[in-house]
Amino acid sequence: QVQLVESGGGQVQTGGSLRLSCAASGNIVSIPAMRWYRQTPGKEREWVAKIFSGGDTEYADSVMGRFTISRDNPKNTIYLQMNSLKPEDTAVYYCNANIQTNYWTSPREYWGQGTQVTISA
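Residues numbered from 1 in each chain as written. Predicted model: local features only at pLDDT ≥ 70, side-chain atom pairs only at ≥ 80, totals over all residues. Heavy atoms only, no water.

Peer 1: Outline the state of the cysteines, listing residues and values.
Peer 2: All chains considered together, the criterion is met by one disulfide. The disulfide partner of Cys 22 is Cys 95, and the S-S distance across this bridge is 2.0 Å. Handedness of the Cys 22-Cys 95 disulfide follows from its S-S torsion of about -80°: it is left-handed. In this pair, Cys 22 is assigned in strand β3 (residues 18-25) and Cys 95 in strand β9 (residues 91-100), connecting sequence segments 73 residues apart. Accessibility assignment for this pair places Cys 22 and Cys 95 in one class, buried. (Disulfide = S-S within 2.5 Å. Helix = DSSP H or I, 4+ residues; strand = E, 2+ residues; numbered from the N terminus. Buried < 20%, exposed > 50% of the residue type's maximum accessible area, 1.4 Å probe, protein only.)

Peer 1: So what about the pairing of β3? Which residues, and what values?
Peer 2: As judged from the five bridges shared by strand β1 (residues 3-7) and β3, these two strands associate in the antiparallel manner. Bridge pairing links Ser 7 to Ser 21 in β3. Bridge count between β3 and strand β8 (residues 77-82): six bridges; the pairing is antiparallel. Of the residues in β8, the one forming a bridge with Leu 20 is Leu 80. (Pairing = 2+ DSSP bridges.)

Peer 1: Tell me what's going on with the pattern of salt bridges, and back it up with residues and numbers.
Peer 2: Tallied over the entire structure, the rule returns three salt bridges. Between Arg 38 and Glu 46 there is a salt bridge, and its shortest N-O distance comes to 2.8 Å. According to the relative accessible area criterion, Arg 38 is buried, its value standing at 6%. Asp 89 is paired through a salt bridge with Arg 66; the nearest N and O atoms lie 2.7 Å apart. Residue Asp 89 is located in the loop between β8 and β9, and its partner Arg 66 is located in the loop between β6 (57-59) and β7 (67-72); the two are separated by 23 residues in the primary sequence. Assigned by exposure class, Asp 89 and Arg 66 land together as buried. Through salt bridges with shared partners, a single ionic network connects Arg 38, Glu 46, Arg 66 and Asp 89. (Salt bridge = Lys/Arg side-chain N within 4 Å of Asp/Glu carboxyl O.)

Here it is in structure tokens:
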């Protein structure tokens, strides 16, 4: 059984910072890629950032230069450092990962339960 558990959400003022964490646990062989998404009520889930096992990263234009995704491979954990936060960053942030749980099947997708981030004006 694989689980993704996010933490670090909360409420800060505009211009503040938060750091989210997402830890994967369970029977894990490899995690080729991990991502952060976010969602606000009535809107589709939006991709935020991605990091590959080798460390390459990608960002949505809306967070480029303000958010940094990083990864601790031995701990199967990723982080999202969010700086210069804006009210429009308010959302539930979800962790997503492609995880391989054995050597004879391809990685499958897993989601965390989400953590609320609220930015007040």
